[in-house]
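# Architecture and fold: a report
One letter stands for each residue in the lines below.
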Amino acid sequence: AIHVDGRFAACTGGWDWAPYSHSYLDGAHTMSKGIWKSVYLAAVPPSSAAILHAVPQIFYRGDYPTARLEEGGHAGFRVAVVVHFEAATPLRGTLRLATEWGPPCALPLSLPAGASNATIEAAARASEVRLWWPNGLGGQPLYRVSVTFRPDDGGSPVTVNRTVGFRYVALVTGNDTDPSFVARASGREGSGSHGMLLRVNGVALFARGANVIPTDELEGRWSAAAHAEMVSSAAAARFNMLRVWGGGAFLPDAFYDACDARGLLVYHDMQYAQSGHSPKATATQEAELRHAVRRLASHPSIAVWDGCNECQVVMGTPTGVYATFVMTVVASEDASRAVWPSCPAAGWSSGVRLLDALPTGRPLVTPKSRSRIETHGPYQHGSGFAAVNGASRLALFPPNLPIKLPDAAPTGPAHPNVFASEFGAVAMSSFESMAPTLAPKHWGLHAGQRSDNCSGGFERRCEGENVMAERNYPCDNMIEVYFGRAPAGYLDATGEAVFRRQLYQCLLAQALNVKSNIEARRARNELGILVWQLNEIWPTGGWGSLEYGTPVAGQVLGGRWKPLHYLYARSVFADVVAVCGEGGACYVKNDGPRPVAGRIAVRALEFASGVVTPLAAVAVALPAGAGASARFEIDLSAFDGSTHLLIAECIDDSGAVLSTNEMLFAPPSQLQLPTAVVSAGIAEAPNADGSIDVVVSASATALYVVLTSLAQGRFSDNAFALPPGTATVRFLPTGALDRSLLVSSLRAEHLQANLMPAPAARPYERPRAHLAA
């Protein structure tokens, strides 16, 4: 074997959402792979030079802003382009910088033989450029930068183009709403303990999104189109941030290009994740880090570089290498971005500016004491079936329906806050995604086979032949918490109908769990919420809100939206949302950039009749976010959560609906639902924008109506409540609409048709201890 110090994707060969191999190199899982990218030689004529990298770095020229920078009225930017050369012989020439916004500039150079670099600078005045903003805050204008080296003796010139955006991102750990803190912090180093948030162009940001893993274990299957569509799906669900997780790989250009275009900030781990993949201060790894930063630094979407996934950087221990080597190299290559020790972390005691976490050039040192300003977890793992991940014994948990809101406390950047960069719940994928990867005789959560004998901790070794034991986490506990105890044999059953039911239950359980989790978090002062995780690497018991996105049989390019992803878009990640919980305690939150004036309309939908009854109308006047909130109460003394759904709409003074939140006050197993027949019909012709209408009909109130198709694309809404009658949603195709495939493969599911089969499910009971499956 060739020993490579773990410099391949840590998830290669398995993680708790990826297929496990049984081969190892230096303690790390491996898969049998060769070279999967192009290898080539580039000849450099003796009379010229190669430009290996052109690295634009953008620096705001004004004072630290705590209010929104105004277009045309800010202090402008300094653009420093570091150009890295390789020359066969010494030569003289001129380096020219041309931009889309201002006049060109030139710098005479004398290049030595071999590697060298030079920096050329330009100014970008406020009148010349427009600001780049995260999704939801403004536009994403991009500008081309060209550098050309022309040798004096007539050799061939060489040109490299990059694309940049103008923004100032501060990673804030102190109370920068206090002018005295800003004055004291100017010129000081380290991190505060007040909290962790991002301020972009002066605007405090509620960062919302998810963690990204590689799109496929087989890197040769990666496609630009799948990465772009995945990012588009994130933006459409109101995300403004993605974290590139450190156990995967530096992603293709298409991912970063899409983040630039759609306004998705990137919190970027270096690709280290312990478990045989920890760093060593070698020339090879230094070259890897320098290449990665030089390659990516032009992207305005990248907001934060950090050292690793969950490595807790402690000086004087083996993990101190992340500060003394990894992030020191990164900071030396890019002084224009915040650097952070790891994810999660408590920050630095020196080496970064206190106001914004940009590197100072001094040694990076982590503090001895750890403030809890960034968190990972908790995670709702799957259990109840012997598999490579999760407990074989059934571990139930409270469904948190209705949610219990935390005690009221002040919210916003002026108050202590937290950045939650990982938490989540497991789920399988749709029948359309799972079925093509299994033989029909194994269409069931337990595969219709004898259970394996699995032992071990986080990563378990399983003996046996059960194919679903290899699909990471089971979903038994998720289903039983929300749908009641399963009748004997139900989860062991196989066949298309039962597998569809099991998967519907599993997917809805994840959606309800994460929705409740985030709604409770938004009641607290969490100014960053990144769910674990965005995408799946294969059809499995994983954590994503998007399914596996490689367009092979059954899959949708970039990932079919799971029910959870639709809930993000409808309410969970809305700028303005109202949430009500136990006892009628409610809050309204404005995490958007502008003040909100309007009302909250709270209504009750009765399942039996379909009648919607107004319960309350609450006037709202909130300042701009992030973190502007107000508490209120509604009288629920006559409201029965087993027979009604609570709906809260946030409506502004213009009449625009800002969000619609459908809230269960009991788990599905306790609902008294009418028998309903749901059908869906597709229009004969598409709309002018390429979408096509889908009319959904219900004979009686139907909850969590889910539309699924093999056609490439998604729906404008899904997993919604439908009173008796019809509703029209649109199918939004990816690329050209395939109407015939949409018609032939469209399925409409709903809750009543997917409750536990007879014998009737017993209601959820709070567990006293783990129960045997």
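Right above here is the structure, for reference.
Rules and cut-offs
- Residues numbered from 1 in each chain as written.
- Predicted model: local features only at pLDDT ≥ 70, side-chain atom pairs only at ≥ 80, totals over all residues.
- Heavy atoms only, no water.
- Pairing = 2+ DSSP bridges.
- Helix = DSSP H or I, 4+ residues; strand = E, 2+ residues; numbered from the N terminus.
- Axes fitted to C-alpha atoms, helices over the stretch in contact; angles between N-to-C directions.
- Contact = heavy atoms within 4.5 Å.
- Salt bridge = Lys/Arg side-chain N within 4 Å of Asp/Glu carboxyl O.
- Buried < 20%, exposed > 50% of the residue type's maximum accessible area, 1.4 Å probe, protein only.
- Disulfide = S-S within 2.5 Å.
- Polar contact = N/O pair within 3.5 Å; in protein donor to acceptor, adjacent residues only side chain to side chain.
- Right-handed = clockwise from strand over helix to strand, strands pointing away.

Moving on, we get to the sheet that holds strand β32 (residues 702–708). Hydrogen bonds between backbone groups are what pair the strands of a sheet, and the pairing can be parallel or antiparallel. Taken in spatial order, the three strands make up an open sheet running β34-β32-β36, and their pairing is antiparallel. Two strands lie at the open edges of the sheet, namely β34 (720–722) and β36 (747–749), each paired on one side alone. The sheet shows a mean angle of 40° between the axes of neighbouring strands, direction not considered. Across the sheet, helix α8 (residues 496–523) lies against β32 and β36, angled at about 110° from β32, the strand it touches most.

With the rule as written, the count across this model stands at 33 salt bridges. Between Arg-353 and Asp-356 there is a salt bridge, and its shortest N-O distance comes to 2.5 Å. Given a relative accessible area of 1%, Asp-356 falls into the buried group. The partner of Arg-730 in a salt bridge is Asp-689, and the shortest N-O contact between them spans 3.8 Å. In this pair, Arg-730 is assigned in strand β35 (residues 725–733) and Asp-689 in the loop between β30 (678–682) and β31 (692–698), connecting sequence segments 41 residues apart. Beyond isolated ion pairs, a larger network of salt bridges with shared partners links Glu-286, Arg-290, Arg-294 and Glu-333.

All right, on to the environment of Gly-583 then. In this structure, Gly-583 sits in the loop between β23 (576–580) and β24 (585–590). For the pair Gly-583 and Leu-636, spaced 53 residues apart in sequence, the C-alpha to C-alpha distance is 6.9 Å.

Our focus in this paragraph is the state of the cysteines. If you walk through the whole model with that rule in mind, you get four disulfides. Across the disulfide from Cys-308 sits Cys-311; the S-S distance is 1.5 Å. Cys-308 sits in the buried class, given a relative accessible area of 0%. Two residues share a disulfide in this structure: Cys-454 and Cys-462, whose sulfurs sit 2.1 Å from each other. Note on the Cys-454 and Cys-462 pair: the S-S dihedral is about 115°, so by sign convention the disulfide is right-handed. Neither Cys-454 nor Cys-462 differs from the other in exposure class; each is buried. Look at the protein chain and number its bonded cysteines as they come in the sequence; the links are 1-2, 3-4, 5-6, 7-8. Left without a disulfide partner, Cys-11 is nearest to the cysteine sulfur of Cys-308, which lies 16 Å away. Look at Cys-11 and you get buried, because its relative accessible area is 1%.

Take Glu-432: it is sitting in helix α6 (residues 431–434). Side chain to side chain, Glu-432 and Arg-747 meet in a polar contact 2.7 Å long.

Okay, the pairing of strand β14 (residues 241–244) next. Side-chain alternation along β14 places Met-241 and Arg-243 on one buried face and Leu-242 and Val-244 on a second face that is also buried. Sheet topology note: the strand β13 (residues 207–212)/β14 ladder contains four bridges and is parallel. By the bridge assignment, Val-212 is partnered in β14 with Val-244. Handedness of the crossover is the feature at issue here: the chain leaves β13, passes through helix α2 (residues 224–236), returns alongside β14, and the resulting connection is right-handed.

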